[in-house]
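# Chains, contacts and geometry: an overview
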Amino acid sequence: MAMRRSVIQGIGAYLPEKILTNNDLAAMVDTSDEWIADRTGIRQRHVAADGETTADLATAAARAALADAGMPAESIELIVLATSTPDNTFPATATAVQAELGITEGAAFDVQAVCSGFVFALSVADNFIKSGQYDRALVIGAETFSRILDWTDRSTCVLFGDGAGAVVLEAKEGEGTLADRGVLATRLRSDGRYKEKLYVDGGPSSTQTVGHLRMEGREVFRHAVVNIAEVMDETLKQVGVPPDDIDWFVPHQANKRILDGTARKFGISEDRVVMTVDRHGNTSAASIPLALETAVRDGRIKKGDLVLMEAMGGGFTWGAALARW
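First things first, this report covers the structure right here in the doc. (Residues numbered from 1 in each chain as written. Predicted model: local features only at pLDDT ≥ 70, side-chain atom pairs only at ≥ 80, totals over all residues. Heavy atoms only, no water.)

## Describing the sheet that holds strand 13 (residues 317–324)
One open sheet holds the four strands; their spatial order is 8-13-12-11, and the pairing between them is mixed. The sheet terminates laterally at strand 8 (182–190) and strand 11 (248–251), the two strands that pair on one side only. Recorded for the sheet is a direction-independent mean angle of 15° between the axes of neighbouring strands. Here strand 8 pairs with strand 13 via eight bridges, running antiparallel. Bridge pairing in strand 13 links leucine 188 to glycine 319. Along the sheet face, helix 10 (residues 287–297) touches strand 11 and strand 12 (306–313) and points at about 150° away from the line of strand 12. (Pairing = 2+ DSSP bridges. Helix = DSSP H or I, 4+ residues; strand = E, 2+ residues; numbered from the N terminus. Axes fitted to C-alpha atoms, helices over the stretch in contact; angles between N-to-C directions. Contact = heavy atoms within 4.5 Å.)

What follows is the structure in structure tokens.
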């Protein structure tokens, strides 16, 4: 039975020029390269320059994705930007990207699901396309987490980095089978009971400040492996795909131990896991598209490959998406 699919036609990424290594951090807080790498797998992260905003990063990634797709910006009808570090409380950072790209039609808005943001944004755009409301969309994950870190807290400041990634989606008629290119399934979950495990201690309504990121690392780890494996299983069962059929697993790049634990729990071999946490750190909503872009550029992900993405973030929020490249 024919059905509309959201096919990924282009991908782009942007990383700030400044690189902060573990040794750089060791000069700032009581830590070491060995301590960070052993516990997280992170070796370095990128940090936005003074005056460089989330919209700047997102726009650069969007331009790269449009160029990769060979599409003009004015053909985009929808922009969904996942971020927890917007330029302003309002308007949405997506509208700043829209203006920078010279787009005056359609809609642009932000999605806030922290590290799960890209999966949530992809699901939102996919559903708009499947409904027939739009034919082309930009889905972006962009963060400047360096702006909300407490640089005296070694348990959090060593984990995060800045960056942006974007994909261009286009409506295409599929046959309604697993052989179709495009987004095949998405599953989104959240549970607000765990807010205190991972949150920012500020906001316009509560403290009238931006605040800093706070996290109970062990608790987040414990929930992450269980929740992520569960939602991955739900996503694959939704369309009847066994784990062995997955060509590439592209997880949110939070922590190597979490990635290893999730892959092991789900029976995915290490050689099928795309991992960029060592170079990028945790870039929250940007981490999945940044990892996707890396694997596409180096030739690992090819047209027709079956790709499983997953993420978990503050809230808690978590989700997974399955797509045929």
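## Points about the sheet that holds strand 1 (residues 3–14)
Taking strand neighbours across the sheet as the criterion, the five strands line up as 1-7-6-4-5 in an open arrangement whose pairing is mixed. Of all strands in the sheet, those with a lone pairing partner are strand 1 and strand 5 (107–111), marking the two edges. Between one strand axis and the next, the sheet turns through 20° on average, direction left out of account. In this sheet, strand 5 lies alongside strand 4 (residues 78–82) in parallel orientation, the contact comprising five bridges. Residue isoleucine 79 lies in a different strand from strand 5, and its bridge partner there is alanine 108. The strands touched by helix 3 (residues 54–69) within the sheet are strand 1, strand 4, strand 6 (136–144) and strand 7 (162–174), with strand 1 carrying the most contacts at an inclination of about 120°. Against the sheet, helix 10 touches strand 1, strand 6 and strand 7, its axis set at about 85° to strand 1.

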